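Listed here are the chains, written in short residue letters.
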Amino acid sequence: MRIAPQASEIINRDKSVTFTFEGKKYNGFEGDTITSALLANGVKILGRSFKYHRPRSVSSFANHDMNVIVDDVSGQYFIPNIRADVTKVKDGMKLKAVNTFGGVEKDKASILGRFSKFLPVGFYYKAFHTKALFPMWEKMFRTMTGLGNVDFKTPKIKTSKDYGFCDCLVVGAGVSGLSAALAAAENGLDVVLIDENPQIGGSINYTNIPNDLIERAKAANIRIFTDCYAAGYYADNWVALVHKTHMTKMRAKTLIVASGAFEQPPVFRNNDLPNIMLAGAFLRLLKLYSVKTINDAVFLVANDYGYEAAKTAIDYGINIKAIVDLRSGDELPLLNDFIAKNIPIYSGSCIYEAESGKDKNVIGVKIHEFNDGLAGALKAEIACDGVVMATGFAPALNLLYQANTKMRFDDARSQFIPDVLPNSVFSCGKLNGNYTYETRAIDGEIAGINAVNFVKNSKIKLPKSLPETQKPNHPWAIVEHEKGKTFVDFDEDLQLKDFKNAVQEGFDNIELLKRYTTNGMGPSQGKHSNMNGLRVLARLTNKTPFEVGTTTARPFYHPVPMKHLGGRGFSPNRVTPLHSRHGDLNAIFMLAGNWQRPEYYARVGVTRQNAINAEVMAVHENVGIIDVGTLGKLEVIGPDAAEFLERVYISKYKGLKTGMARYGVACDETGVVVDDGIIARLAEDHFYFTTTTSGAATIYRELSRLNMIWGLDCGIVNHTGSFGAINLAGPNSKKILGKFTDLDLDDFPFMGYREAFVAGVKCRIIRAGFVGELGYEIHAPALEVHKVWDAFINDGATPFGVEAQRVLRLQKGHIIIGQDTDGLSTPYNAGVDWAVRMDKPFFIGQRSLKIINSKPQKQVLAGFVLPKDYEGAPPQECHLIIHEGEIAGRITSITKSPKLGQIIGLCHIKPELAQIGHEIKIRFSDGTFVAANIAQTPFYDPENLNQKGVA
Amino acid sequence: MPWRLLRFGLSKKHPEPRMFDAPDALKSSYDVVIIGGGGHGLACAYYLARDFGITNVCVLEKGYIGGGNTGRNTTIIRSNYLTPEGAQFYDKSLELWKDLSTEFDLNLFYSNRGHFTLAHTDAAMRTSRWRAEVNKHYGIDSEVVGPDFVKKHAPMINLQCGHHPIMGALYHAPGSVARHDAVAWGYGRGANMRGVEIHQRTEVLGIDTKGGKVCGVKTNKGYIETTKVLSATAGSTPRILKMLDIDTPIFIHPLQAMVSEPLKPWLDTILVSGSLHIYISQSSRGELVMGASLDPYEVHSTRSTLDFPEGLSAQMLDMFPFLSEVKVMRQWAGMADMTPDFAPIMGKTRIDGFYLDAGWGTYGFKATPISGKTMAYTIANDKPHELITAFSSERFKNYELTGEKGAASVGH
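Residues numbered from 1 in each chain as written. Chains lettered and ligands numbered in written order. Predicted model: local features only at pLDDT ≥ 70, side-chain atom pairs only at ≥ 80, totals over all residues. Heavy atoms only, no water.

**Comments concerning the overall build of chain A**
Counted only if it meets this: A run of H or I in DSSP becomes a helix once it reaches four residues, and a run of E becomes a strand once it reaches two; helices and strands are each numbered from the N terminus. Our radius of gyration is a C-alpha quantity, and the globule rule it is checked against amounts to 2.2 Å times the number of residues to the power 0.38. Partly exposed residues are those whose accessible area sits between 20% and 50% of the maximum for their type, while under 20% is buried and over 50% is exposed, using a 1.4 Å probe and protein chains only.
Along its length, chain A carries 23 helices and 48 strands. In terms of overall size, chain A is more extended than a compact globule, its C-alpha atoms giving a radius of gyration of 38 Å where 951 residues would be expected to give roughly 30 Å. A principal-axis box enclosing the C-alpha atoms of chain A has dimensions of 115 × 70 × 60 Å. Within chain A, the fraction of its 951 residues that count as buried is 62%.

**Re the overall build of chain B**
Selection rule: In this description, contact between two residues means that some pair of their heavy atoms is separated by no more than 4.5 Å. Surface accessibility in these figures is a Shrake-Rupley result with a 1.4 Å probe; residues are shielded only by whichever protein chains are displayed. Neither His nor the chain ends is counted toward charge; the positive residues are Lys and Arg and the negative residues Asp and Glu. By convention, the point assigned to a charge is CZ for Arg, NZ for Lys, CD for Glu and CG for Asp.
What chain B contains, in helices and strands, is eleven helices and 20 strands. Here the C-alpha radius of gyration of chain B, 21 Å, is about what a compact globule of 412 residues would show, namely 22 Å. Once the C-alpha set of chain B is aligned to its principal axes, its extents read approximately 65 × 65 × 40 Å. Per-residue burial over chain B gives 66% buried out of 412 residues. Of all intrachain contacts in chain B linking residues separated by at least 6 positions in sequence, the fraction that spans at least 24 positions is 76%. Accessible area of chain B: about 13400 Å², with a carbon and sulfur share of 52%. Counting 43 positive and 42 negative side-chain charges, chain B places the centres of these two groups 4 Å from one another.

**Quick look at the domain arrangement of chain B**
Residue and element names in this part refer to chain B. Short version of the rule: Note that domain bounds follow an automatic or database assignment of domains. Computed with a 1.4 Å rolling probe, the buried area is the accessible surface lost when two parts are put together, summed over both parts. Counted as salt bridges are all cases of a side-chain nitrogen of Lys or Arg within 4 Å of a carboxyl oxygen of Asp or Glu.
Split into domains, chain B comes out as domain 1 (23-73 + 181-250 + 341-408) and domain 2 (111-175 + 252-338). Placing a centre on the C-alpha atoms of domain 1 and another on those of domain 2 gives a separation of 30 Å. Surface buried jointly by domain 1 and domain 2 totals about 1200 Å² across both partners, of which 56% is contributed by carbon and sulfur atoms. For the pair domain 1 and domain 2, the interface holds zero salt bridges.

**Examining the pattern of salt bridges**
Pairs can form between side chains of opposite charge once their charged atoms are near each other. Considering all chains together, one arrives at 61 salt bridges over all chains under this definition. The salt bridge involving Arg408(A) is made with Asp410(A); its shortest N-O contact spans 3.3 Å. Note on Arg408(A): relative accessible area 34%, which makes it partly exposed. The exposure class assigned to Asp410(A) is buried, which follows from its relative accessible area of 8%. Taking the shortest distance from any N to any O, the salt bridge between Asp382(B) and Lys348(B) comes out at 3.4 Å.

**So, the interface of chain A and chain B**
Rule in force here: What qualifies as a polar contact is a pair of N or O atoms within 3.5 Å, subject to a donor-acceptor requirement within protein and to the restriction that residues adjacent in sequence count only when both atoms come from side chains.
Counting residues at the interface gives 110 residues for chain A and 93 residues for chain B. Regarding the contact of chain A and chain B, the summed buried area is about 9400 Å², with carbon and sulfur atoms giving 57% of it. When the area that chain A buries against chain B is broken down by residue, the three leading residues are Tyr125(A), Arg142(A) and Met562(A), summing to 10%. Our count for the contact surface shared by chain A and chain B stands at 14 salt bridges. A salt bridge links Asp99(B) to Lys131(A); the nearest nitrogen and oxygen atoms lie 2.5 Å apart. For the pair chain A and chain B, the interface holds 61 residue pairs in polar contact (both at pLDDT 80 or more). Considering every element that reaches the side of chain A that touches chain B, the biggest residue donor is helix H2 (residues 134-144) of chain A, with seven residues.

**Notes on the nonpolar core**
Looking at soluble globular proteins, one finds that nonpolar side chains tend to be buried together. Stated precisely, the cut-off is as follows: We call a set of buried Ala, Val, Leu, Ile, Met, Phe, Trp, Tyr and Cys residues a nonpolar core when their side-chain atoms join them within 4.5 Å.
Ranked by internal contacts, the top residues of the largest apolar core, which has 144 residues, are Leu169(A), Phe89(B) and Trp185(B). The element that contributes the greatest number of residues to this core is helix H2 (residues 39-52) of chain B, accounting for eight residues. Residue contributions to this core reach at least three from each of two domains, namely domain 1 (23-73 + 181-250 + 341-408) and domain 2 (111-175 + 252-338) of chain B. Once residues within four sequence positions are removed from consideration, Phe89(B) is found in contact with Met346(B), Trp360(B), Ala367(B), Ile370(B), Ser371(B), Thr374(B), Leu387(B), Ile388(B) and Phe391(B). Within the second largest apolar cluster, 58 residues are counted, among which are Phe19(A), Leu39(A), Val70(A) and Ala279(A).

**Brief notes about the packing of aromatic side chains**
For clarity, the threshold we go by: We call Phe, Tyr and Trp rings a pair once their centres come within 6.5 Å, taking the six-membered ring for Trp, and we label the pair stacked below 30 degrees between planes, edge-to-face above 60, and tilted otherwise.
In this structure the tally under the stated criterion is 52 aromatic pairs over all chains. Relative to Phe322(B), the ring of Phe152(A) has its centre 4.8 Å away and its plane inclined at 70 degrees; by these criteria the two rings are edge-to-face. Of this pair, Phe152(A) sits in the loop between H2 and strand S8 (161-171) while Phe322(B) sits in the loop between helix H8 (307-319) and strand S18 (327-338), which puts the two residues in different chains. Residue Phe152(A) is classed as partly exposed on the basis of its relative accessible area, which comes to 43%. An angle of 35 degrees between the planes, with centres 6.4 Å apart, marks the rings of Tyr163(A) and Trp238(A) as tilted.

**Brief notes about the side chain of Asp941(A)**
Residues and elements named next belong to chain A. Relative to the assigned elements, Asp 941 resides in the loop between strand S48 (929-935) and helix H23 (945-948). No salt bridge is formed by the buried Asp 941; its nearest oppositely charged neighbour, Lys 812, is found at 4.1 Å. Contact partners of Asp 941, with chain neighbours within four places excluded, come to Gly 772, Lys 812, Asn 946 and Gln 947.

**Re the sheet that holds strand S34 (residues 661-667) of chain A**
Residues and elements named next belong to chain A. Here is the rule: For two strands to be treated as a pair, DSSP must find no fewer than two bridges joining them. Fitted lines through C-alpha atoms serve as axes, helices being fitted only where they are in contact, and the angles separating the N-to-C directions of these axes extend from 0 to 180 degrees.
Sheet architecture is open: five strands sit in the order S34-S35-S36-S33-S37, paired in antiparallel fashion. Either end of the sheet is taken by a strand with one partner, and the two such strands are S34 and strand S37 (715-718). Direction aside, neighbouring strands of the sheet carry axes that sit 30 degrees apart on average. Strand contacts of helix H18 (residues 696-710): strand S33 (632-637), strand S35 (673-683), strand S36 (686-691) and S37, with the helix running at about 165 degrees to S37, the strand carrying the most contacts.

**A look at the environment of Asp627(A)**
All names here are of chain A. Take Asp 627: it is sitting in strand S32 (residues 624-627). Through-space distance from the C-alpha of Asp 627 to that of Glu 308 is 78 Å; in sequence the pair is 319 residues apart. Those residues in contact with Asp 627 that lie beyond four places of it in its chain are Thr 576, Leu 578, His 582, Arg 597, Ala 725, Ile 726 and Trp 789. At a separation of 2.5 Å, a polar atom in the side chain of Asp 627 contacts the side chain of Thr 576.

**Focus on the sheet that holds strand S5 (residues 115-119) of chain B**
The strand order S29(A)-S18(B)-S14(B)-S17(B)-S16(B)-S15(B)-S5(B)-S7(B)-S6(B) describes an open sheet built from nine strands, whose pairing is mixed. Looking at strand neighbours, the two that pair on one side only are strand S29 (560-561) of chain A together with strand S6 (143-145) of chain B, the edges of this open sheet. Both S5(B) and strand S7 (residues 168-172) of chain B contribute to a ladder of five bridges, which runs antiparallel. When the bridges of S7(B) are listed, Leu118(B) appears paired with Ala169(B). Sheet strands touched by H8(B): S5, strand S14 (251-260), strand S15 (270-273), strand S16 (278-282), strand S17 (288-292) and S18 of chain B. Its angle to S16(B), the strand with the most contacts, is close to 75 degrees.

**Structural notes on the packing of helix H17 (residues 641-648) of chain A against H18(A)**
Residues and elements named next belong to chain A. For clarity, the cut-off: Handedness of a helix crossing follows the sense of rotation of the near helix relative to the far helix, less than a right angle counterclockwise being left-handed and clockwise being right-handed.
The interhelical angle for the contact between H17 and H18, taken along N-to-C directions, is 115 degrees, at an axis separation of 11 Å. Here H17 runs over H18; the crossing is right-handed. Contact with H17, carried on its side by Phe 644, Arg 647 and Val 648, involves Leu 703, Leu 706, Asn 707 and Trp 710 of H18 and no other residues of that element.

**As for H8(B)**
Residue and element names in this part refer to chain B. Worth spelling out the cut-off: Given a helix with a known number of residues, its expected span is that number minus one, times 1.5 Å.
Spanning 13 residues, H8 covers 19 Å between terminal C-alpha atoms, matching the ideal 18 Å at 1.5 Å per step. For H8, the tally of buried residues reaches ten of 13 residues, placing the bulk of the element in the interior. By the burial criterion, the buried members of H8 are Phe 308, Pro 309, Glu 310, Leu 312, Ser 313, Ala 314, Met 316, Leu 317, Asp 318 and Met 319.

**Description of the packing of helix H3 (residues 84-104) of chain B against helix H9 (residues 368-381) of chain B**
All names here are of chain B. Our working definition: When an angle is under 35 degrees it counts as roughly parallel; over 145 it counts as roughly antiparallel; between 65 and 115 it counts as roughly perpendicular; any other value is oblique. Think of it as three bins: nonpolar holds Ala, Val, Leu, Ile, Met, Phe, Trp, Tyr, Cys and Pro, charged holds Asp, Glu, Lys and Arg, and polar takes everything else, Gly as well.
In the contact formed by H3 and H9, the axes pass within 7 Å of each other and the chain directions differ by 105 degrees. Classed by the angle they form, the pair H3 and H9 counts as roughly perpendicular. Of the residues in H9, those in contact with Phe 89, Lys 92, Ser 93, Leu 96, Trp 97 and Leu 100 of H3 are Thr 368, Pro 369, Ile 370, Ser 371, Lys 373 and Thr 374. Across the contact of H3 with H9, the residue classes break down as six nonpolar, four polar and two charged.

**Remarks on the pairing of S5(B)**
Residue and element names in this part refer to chain B. In terms of burial, S5 is largely enclosed, as five of its five residues are buried. Going residue by residue along S5, you find His 115, Thr 117 and Ala 119 tucked away on one face and Phe 116 and Leu 118 tucked away on the opposite face as well. Of the strand pairs in this sheet, S5 and S15 are connected by four bridges, and their pairing is parallel. Residue pairing for S15: Leu 118 is matched across the bridge by Ser 273.

Structure follows, in structure tokens:
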């Protein structure tokens, strides 16, 4: 029910919003959360629990429990698992409770609650596993499980990220956080202060603390982010700040964690009934949202906070039927105010159980004696319509755990407290066990000054800390009941006896207990349940909480949407400088790594295969050009350039003449081939070379690393993006190139290197090529390479794509690294043993290759052909070669050569089966075989006469 | 409801004994000491007791059982490996997996979901075919399928996948998932029942040898005399080996993973994409279990990094754009003990009586039953089981690697 306007409220009564929940229409105000608006409308059941489908309503009202989770089904697509307690309601919203069977009011699955004694902790481990029946049971489990629904219509959303920097990041803008931020800012630090709530101030906003911290912080030079939570702490104060709209990755010189404490629910039978709530929820609902759900209240308390809440209740005209205090004797505060008002106070007592009425709401409690943590005799039965609870907190140490903080357990305050913090991380406030306003404020100031001293290396004197007098956390607010329903973890519907039974079964270690019971594994990740779980385990095993220890707190503090994590992402789509030219020529593109490359050029009325064949024949008979700009293009310059290359590549380069080029193969330490390319010498101390397209980035990175380790006098430049490259090939390539350059092509030997103007562009030219005809590889600056391309195209050169190149190179038996080699291929079984030069002091992989070469090879690379009259479908790459029923090898490359009129290929095969002419059996995927014969490579122009220009 | 659950409702006391004892102290000697109370160590203890009657065995665990990579992996079980040695080994493992729930009388949620390795490039299609052909040769159910087949089994998938259209996939019908923690518990209970002692929070401080033979183990709880020691310690392997001055080419790389909040089940299969370096399945709790490839650097810790959920989410949204609004709940890391050829190191070592079960990198979980079984055989007979001879540490010296990289990298 909504009460009259209050000064403290944060709703805007001028703007009302209309929304639906479970199909029913409701009104709220701007500023309401979904939960506050529903409660204002008198809705009793806001959600259903995960396992027993028990009716639930607000508990922490702070995102520390998952009682109220809804799917937002209002938009174009629905959004799953919205946390209603902390999500603002919007006009037109349509909301649906998650995981109900027939709606939140009459959830049919609530029948499961009746069977709860047959479903003890870990029940699913103990049955359902008959082999034949498990699939059926599993289907049932998969129907029952999960919370919200994914909407497949959801579009891909990737929000952009901020990169933030600051001197001091303060997490939490309550009393201690505000004090810390002010102290740091007033001493000149660049401070960022964040809070997950829509407003700063924390409990100042709903308790009776008169102070000016909020105004001062707003006036100070502090960057304040509200509606923003620190999702995770990572090495070197790298903190993920998640806003509603995006993520900021904050690098902070110092971090002050002032994240406060989670109120912990006391445990008693039916402690989860609607309208049994934590004091913070009660206060925030009243003060911030002017929502009153209780008229006749019972307070269950064990600290000052509880009494403060009770006072507020009186202020708001709520009838307090009883105050039940777990404590007795000197532990009790002065209670005159309450006694004067004739409010019954039951000290040394507990709520033994709560009862619900027809509407599932709480209608009364049984108050029992409470001695040594055990319930005694019945003292009173009291009717009420709500229970407010304040028996203790658990500090929100999540970020500090992630930062590797050592904790100690403080017995006096019955909580964990940071003991040894990383040297630029500070904590303050409730985390340090301070709960009164004064101690929190001073503690915050100390943290702020500590941050200043750290950043400025100054020695500003720290204020004197005040001793904390409050004992806010009751060590055992847990009351057993033989009939159960004593909930510890609300997310997972875990009861006290589940813990007992788990320990009885041997899960008496905090981590094992968590994994067996699933305590703290639900969406609230133990915020309201870990501490009670730990206390239960400590008591059952006769240990102290410190000895029991905590489970590892991992990111995230609150879950983070994938749209914010994904960010804009970086999945590059690379194109060469000639990309538009290919488009104009009707290229069909394919993906090569991140690169778009022309697979072939489509021709009207011509099939793909015929188009490729025509491209192949154009290279053989006239002249073709292919864009090879995706190759890695590197340069090594310096006196030690040749030495460097000799260490990386298996061949020799010191003796390579300036103006000449040589094939290069690189291996790893184990002698496995990792890359190849052509290395040209531009000058004594200057080399230019290519790498494979796929290896470009890796090779550059690895060469840079090696260069740093070896400390040779040379540098590496990566030209992969700044140069384009084309390969001009065919018997008429010399003729056509001659038309556009003054270079003396008669004085340009095979494997020679020249620099010259081609079509007015200064180019680097290597007389080599992958495709086996007379050819030139022409490299030109990326911005100008199109001029060279255009010149050749306009003069009648035929563009050819990757497919034609594959055919042409295979005819020559040229290998493709990664296709004709694999993770175990050395130069000896990749057919490039001729390139290995052992007569130099060192190259990467040399030692391994020496050993490998002294042993028989298990596999070699060989060529094979299918009979010319073979008409069937060709086998495919990676079909196996079978010999006497066993795997003897596999096809690595295969194609039908239009020039040779035959299917040719390369294969890995056992050496004893690799003699020329030997018949091999290739097995298709369907198990049938085709025979082929081992053949000499190159299949085409074995003497290499065409390429040498002799033919 | 199964009848078996009735006893819980009908008896006053919880009718279940401890799954495993908590012995007070170590004995002064054991026939076999197993270092590491993860799945592998416990499985070995189980099979030593069950198959060889060797029960004077203790398992030493410095933390809690199943707390290492057994409890940190993403629970995928498959046998579609690339090498004949790997494929046959993991296939035997899969056979054992199918009966474990019955054997343990403990529901491991061994759930057969089918496993797709999506191919976005020619190269990936080739590797898929290679794996399929090798698998089929050894009777393993694997085949190369087209995009239509993928779409049929995962209708919500975006075949376009950003810039990486799906060309096809390697489909491995037996691919499964299981409840990882329960595997350790099941083996632990089974071993314990047969007399094996499990000592948690017991750390090995040194291993003594005499004349090249193991003679004792120093722990924080006292000294043990023994002639046989197995190290099954995954990420801690280098630390144990250092005690004996044994060299292996094992490097420790972090492997991270994350889960979403629980969602109503929508994904029935296990999907892996090598090109996007991601994989995903949906657990019986409704959480999406997601992972990616190894961190590229060596780190001996289980700390998380932010770039991991960032990169993984970005790639995942290319495959499943509709996950934009789904929230990631938790991330974690394990320490993967990687070998150069992505195959494990199993068997005897140069120290008599010291056996090694390591190098499990990112594929140890699925091998739990078979590694336990073959290591038990190896220890009992002091002779490597025939299924693991290819995984001997000698292979590095002899350049006889078992090249599993192509099938092991992202698939886990």
